[in-house]
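# Results of the structural survey
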Amino acid sequence: MIYDISQEVFSCRVFPGDPRPTAEKPQQISRGDVCNLTAFSMCAHNGTHVDAPSHFIREGKTIDQMGLIPYVGPCFVARHEGDVTAADAEGILARAKSAGADRRILIGGRATVTLAAAQVFAAEGLLLLGNESQTVGPEDAPMAVHLALLGAEVTLLEGIVLAHIPEGRYFLSAAPLNLGGCDGAPCRAYLMTESAE
């Protein structure tokens, strides 16, 4: 099975204060043009997207410097509601290790990663941490959590859709657009089960 875990871009959730995606149609067959053509504008952090270290770190890696390894490979989807504490993070890591997928972890549910949990995840050498919110940490104070994770080069996959995804091991593909010099990028994220054809 293949599960699309991306938001549709033009109707996506937007972090408070970020510009919304917009689109225009400079060419349309219905107006006599030779083809349909869409031009669009969006923030690198709209909808389903990844954060590179340079999002919060002055000399951090940009999205084009991250390579593809963090975004493609086995992952573990955990279910959680509320604040993710250090103890919760250790429990998620234990279940992910049991499943043989402890380098990429996605947290489904209305979960907020606390600084203590971020420090646990960072110390474990994760490649990627993902969640359903538009920011991995508290919406009103995201900086400390981002610094803890991005400072350890744990890339973040934010704004994913996991409402109908059971906890367990999957294969993740969430490669971002190769936007040179940017602090983040939109991506089309999806999960595959072992039996995907």
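In case you missed it, the structure is sitting above this.
My aim in this report is to walk through the structure given alongside it, one point at a time. Computed from a predicted structure; not experimentally measured. (Residues numbered from 1 in each chain as written. Predicted model: local features only at pLDDT ≥ 70, side-chain atom pairs only at ≥ 80, totals over all residues. Heavy atoms only, no water.)

### Let's talk about the sheet that holds strand 5 (residues 72–79)
Heads up, the rule is: Pairing between strands is defined by DSSP: at least two bridges between the two strands are required. Helix numbering and strand numbering both begin at the N terminus, where a helix is a DSSP run of H or I of at least 4 residues and a strand a DSSP run of E of at least 2. Where helices are involved, their axes are fitted lines through C-alpha atoms of the stretch in contact, as for all axes, and angles between N-to-C directions lie from 0 to 180°. Working rule for contacts: check all heavy atoms of both residues, and any pair within 4.5 Å makes them a contact.
Taken in spatial order, the 9 strands make up an open sheet running 1-13-11-5-7-9-10-4-12, and their pairing is mixed. What marks the edges here is a single partner per strand, and that holds for strand 1 (2–4) and strand 12 (184–186). Averaged over all pairs of adjacent strands, the angle between their axes in this sheet comes to 25 degrees, without regard to strand direction. Sheet strands touched by helix 1 (residues 86–98): strand 5 and strand 7 (104–108). Its angle to strand 5, the strand with the most contacts, is close to 130 degrees.

### Overview of helix 1
Stated formally: Here the expected length of a helix is defined as 1.5 Å per residue gap, with one fewer gap than residues. Note on classification: 1.4 Å probe, protein chains only; a residue is buried when its accessible area is under 20% of the maximum for its type, exposed when over 50%, partly exposed between these limits. The arc under discussion is defined with respect to the helix axis, by the directions toward the C-beta atoms.
An ideal rise of 1.5 Å per residue puts 18 Å on 13 residues; helix 1 measures up with 18 Å between its terminal C-alpha atoms. Taken as a whole, helix 1 has its buried residues at A89, I92, L93 and A96. For helix 1, the angular spread of buried residues about the axis comes to 100 degrees, placing them on one side. In helix 1, the exposed positions angled more than 90 degrees off the buried face are occupied by A87 and S98. The inward-facing, buried residues of helix 1 abut strand 5, strand 6 (82–84), strand 7 and helix 2 (115–123).

### A look at the environment of R20
Here R20 shows up in the loop between strand 1 and strand 2 (22–27). Assessed through its relative accessible area of 48%, R20 is described here as partly exposed. The sequence separation of R20 and M42 amounts to 22 residues, and the corresponding C-alpha distance is 6.3 Å. Residue contacts for R20: discarding those within four places in its chain leaves F10, S11, C12, V14, S41 and N46.

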